Amino acid sequence: MGYDAILELIGSIGGLDTVAMAAAEEHLGRLTKPPGSLGKLEGLAVKLAGITGEALPEFPRRTVFVMAADHGVCEEGVSAFPAEVTPQMVGNFLAGGAAVNVLARQAGADVVCVDIGVNAELLHPALMQRKVRYGTSNMAKGAAMTREEAEAAVLIGARLVEEAASHGVRLFVTGEMGIGNTTASAAMMSALTGISPEHSVGRGTGIDDERLRRKIEVVQRALEVNRPDPGDPLDVLAKVGGLEIAGLTGVILGAAKSRCPVVIDGFISSVAALAASRLAPEAAGYMIASHVSAEQGHRQLLRELKLDPMLELGMRLGEGTGGVLALHLVDAASWIMREMATFESAGISTGGDQ
Ligand SMILES: O=C(O)c1ccc[n+]([C@@H]2O[C@H](COP(=O)([O-])O)[C@@H](O)[C@H]2O)c1
Ligand SMILES: Cc1cc2nc[nH]c2cc1C
């Protein structure tokens, strides 16, 4: 059953490889630079070693999974855009014209678009058809989906990553598309952390003050109506989450199981990361925070995850755009480790206290 498979998935996630991390630290100490002078790139290099078990890993193949789904809560007027934009944007991803396609091409990443719960019949040879249902129900009136549906979505995400990893993809990025999903994400953040909706709810695609007030009320109502159990991430995903959020929780768990780094995009992806880390605390070690988005709540969410974002560009698009941009920095860390000269190889004197 779904839950047994999720327990197995969680149980298969191990800790970081401390031997590889020590080897990476030692290698960094030999490179032609003052100790620590490459700042966060050095921490990233050590983390990549711990994740992969290799002191000098490289990532020739990388994939961004763009999970798309719809949200019944849109009928409450919580987004600046109509729900039909979700399937329309799926068409744009498949045609290669969305921002994530452009930035992924630049970073050498494949974009895999997954219909995990879009409220439309979608047919395209390149679309991964994994629809669990045609969008969620309105969480302001009852559960967004059943626990079984949430479990199914988590397992779909995990299986997609495991399959890709078995074909040589060793670096993953989370991406999503779903009009209304910042409402579901804020509700999940409040449910999992106890942070009030005033602080978890933001403007999403760009709502005005009046809609923002309504959105906060909708999240409060969803939490009152559903009473999700903060100690049970699958209950939170099912009652106030979304199919793409559950799918990304699975992507993250699948990457951790496969000992691959997973670059976390914006607010929605970070909520999926929080659910993943609550299900499997060791999964947190496999996450790389790409950027802090402009969505209210994201910074606090990253703090909760104990993740230090690499970029702050005022972006709030989602799709995986911040994630694929950060691939350039993952590459920077990996190239530094593999290509820089050492003091010994370059014949350069080390510092006085060495
Ligand atoms: O990634 C983010 O931080 C982010 C912040 C705001 C909006 N989004 C994107 O905008 C959509 C959700 O916004 P909304 O207003 O419909 O809830 C969804 O498709 C997300 O990909 C994404
Ligand atoms: C156009 C558009 C593109 C998006 N990409 C992710 N969320 C989105 C929301 C809108 C409205």
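Every chain is numbered on its own, with residues counted from 1 as its sequence reads. The naming scheme follows written order: chains are lettered A onward, ligands numbered 1 onward. Local features in this predicted model are restricted to residues of pLDDT 70 or higher, and side-chain atom pairs are both shown and tallied only at a pLDDT of 80 or more, whereas totals for entire chains, interfaces and linings draw on every residue.

Identification of the protein chain as Nicotinate-nucleotide--dimethylbenzimidazole phosphoribosyltransferase from Paenibacillus oralis is taken from an unreviewed UniProt entry. UniProt positions are given in the numbering used here, feature names are shortened, and annotations may be inferred rather than shown by experiment. Its UniProt record, at the heading Sequence similarities (unreviewed entry), says of the protein chain: "Belongs to the CobT family."

Draft legend 1. Spotlight on the environment of Thr183. Strands here mean DSSP runs of E at least two residues long; helices mean DSSP runs of H or I at least four residues long; both are numbered from the N terminus. Mapped onto the elements of the fold, Thr183 is located in helix α7 (residues 181–193). In this scheme the burial state of a residue depends on its C-beta neighbours within 10 Å: 20 or more other such atoms mean buried, 12 or fewer mean exposed, and anything in between means partly exposed; the C-beta positions come from the backbone. Of the residues examined, Thr183 has 29 C-beta atoms within 10 Å and is grouped as buried. Each C-alpha atom of the pair Thr183 and Ala284 lies 24 Å from the other, and the pair is 101 residues apart in sequence. Contact partners of Thr183, with chain neighbours within four places excluded, come to His71, Val73, Val78, Lys215, Val218 and Val219. By definition, residues are in contact whenever their C-beta atoms, placed on the basis of the backbone, come within 7 Å of each other.

Draft legend 2. Representation of helix α9 (residues 209–226) in the model. Helix span, expected: 1.5 Å multiplied by one less than the number of residues in the helix. Its 18 residues give α9 an end-to-end C-alpha distance of 26 Å, which sits within 8% of 26 Å, the value for a rise of 1.5 Å per residue. Of all the positions in α9, only Lys215, Ile216, Val218, Val219, Ala222, Leu223 and Asn226 are classed as buried. Taken down its axis, α9 places every buried residue within 160 degrees of arc, on the same side. In α9, the exposed positions angled more than 90 degrees off the buried face are occupied by Asp209, Glu210 and Glu224. On its buried face, α9 sits against α7, α8 (197–200) and α10 (233–240). This arc corresponds to the set of directions leading from the helix axis out to the C-beta atoms.

Draft legend 3. Molecular detail of the site of ligand 1. Around ligand 1, a shell composed of 24 residues is seen, among which Ser79, Gly204, Gly266, Ser293 and Gly318 lie nearest. At the level of secondary structure, the elements contributing two or more residues to the shell around ligand 1 comprise β4 (171–177), α7 and α12 (267–279). Counting residues per element, the shell around ligand 1 draws most heavily on α7, which supplies 3 residues. Counted by class, the shell around ligand 1 contains 7 nonpolar, 12 polar and 5 charged residues. Using a C-beta atom placed from the backbone, a residue is described as near a molecule or strand when that atom lies within 6 Å of it. We call Asp, Glu, Lys and Arg charged. Ala, Val, Leu, Ile, Met, Phe, Trp, Tyr, Cys and Pro are nonpolar, and the rest, Gly among them, are polar.

Draft legend 4. The arrangement of the UniProt feature "active site" (unreviewed entry) in the protein chain in detail. When the UniProt feature table is mapped to this numbering, "active site" (unreviewed entry) covers Glu319. Relative to the elements of secondary structure, Glu319 occurs in the loop between α13 (298–305) and α14 (321–339). Once you skip the residues sitting within four places of it in the chain, Glu319 turns out to touch Val66, Ala98, Ala99, Val100, Gly175 and Met177.

Draft legend 5. Seen up close, the confidence of the model for the protein chain. Scored from 0 to 100, pLDDT records how confident the predictor is in each individual residue. Of all residues in the protein chain, 99% attain a pLDDT of 70 or more, and the chain-wide mean is 98. Two numbers describe this predicted complex: its pTM, 0.98, and its ipTM, 0.99.

Draft legend 6. Structural detail: the pairing of β4. Judged by how many residues are buried, β4 sits mostly within the fold: 7 of 7 residues are covered. Taking every second residue as pointing to the same face, both faces of β4 are buried, with Leu171, Val173, Gly175 and Met177 on one and Phe172, Thr174 and Glu176 on the other. One requirement defines pairing of two strands: DSSP has to find at least two bridges between them. As paired elements, strand β1 (residues 62–69) and β4 share 7 bridges and run parallel to each other. Note on β4: the bridge partner recorded for Thr63 is Phe172. As judged from the 2 bridges shared by β4 and strand β5 (residues 262–264), these two strands associate in the parallel manner. Of the residues in β5, the one forming a bridge with Phe172 is Val262.

Draft legend 7. Highlighting the sheet that holds strand β6 (residues 287–289). Strand order in the open sheet made by the 6 strands is β3-β2-β1-β4-β5-β6, with parallel pairing throughout. The sheet terminates laterally at β3 (128–129) and β6, the two strands that pair on one side only. Across 8 bridges, β1 lies against strand β2 (residues 109–117) in parallel orientation. Looking at β2, one finds that Phe65 is bridged to Val112.

Draft legend 8. Molecular detail of α12. Over its 13 residues, α12 runs 19 Å from end to end, which matches the ideal 18 Å to within 8%, given 1.5 Å per residue. Those residues of α12 lying buried are Phe267, Ile268, Ser269, Ser270, Val271, Ala272, Ala273, Leu274, Ala275, Ala276, Ser277 and Leu279.

Draft legend 9. Geometry of the pairing of β2. Of all 9 residues in β2, 8 are buried, a share of seventy percent or more. Relative to β3, β2 is paired through 2 bridges, and the arrangement is parallel. If you follow Val114 over to β3, its bridge partner there is Met128.

Draft legend 10. Quick look at the nonpolar core. Within the largest apolar cluster, 119 residues are counted, with the highest numbers of intra-cluster contacts made by Val66, Met188 and Ile252. Considering each element in turn, this core owes the most residues, 11 residues, to helix α6 (residues 147–166). Joining buried Ala, Val, Leu, Ile, Met, Phe, Trp, Tyr and Cys residues through C-beta atoms within 7 Å gives a set, and that set is a nonpolar core.

Draft legend 11. Representation of unusual backbone geometry within the structure. Although it is not a glycine, Arg227 sits at a positive phi angle of roughly 45 degrees. Note that Arg227 resides in the loop between α9 and α10.

Draft legend 12. Expanded view of the environment of Ser196. Topologically, Ser196 is positioned in the loop between α7 and α8. On the basis of neighbour count, Ser196 is assigned to the partly exposed category, with 13 C-beta atoms found within 10 Å.

Draft legend 13. Summary view of the environment of Leu237. Among the secondary structure elements, Leu237 is positioned in helix α10. Judged by the 31 C-beta atoms lying within 10 Å of it, Leu237 is buried. With residues near it in sequence (within four places) discarded, Leu237 still touches Ala150, Ile245, Ala246, Thr249 and Ala275.

Draft legend 14. Geometry of the packing of helix α2 (residues 18–30) against helix α3 (residues 40–52). Axis separation between α2 and α3 bottoms out at 7 Å; the angle between their running directions is 145 degrees. Classified by chirality, the crossing of α3 by α2 is right-handed. The segment α2 lies against α3, with Thr18, Ala20, Met21, Ala23, Ala24, Glu25 and Leu28 engaging Glu42, Ala45, Val46, Ala49 and Gly50. Residue composition of the contact of α2 with α3, by class: 8 nonpolar, 2 polar and 2 charged. Only C-alpha atoms enter the line fits that serve as axes; for helices the fit covers just the stretch in contact. Angles between N-to-C directions range over 0 to 180 degrees. By the definition used in this description, the sense in which the near helix is turned from the far one sets the handedness, with an anticlockwise turn below a right angle giving left-handed and a clockwise turn giving right-handed.

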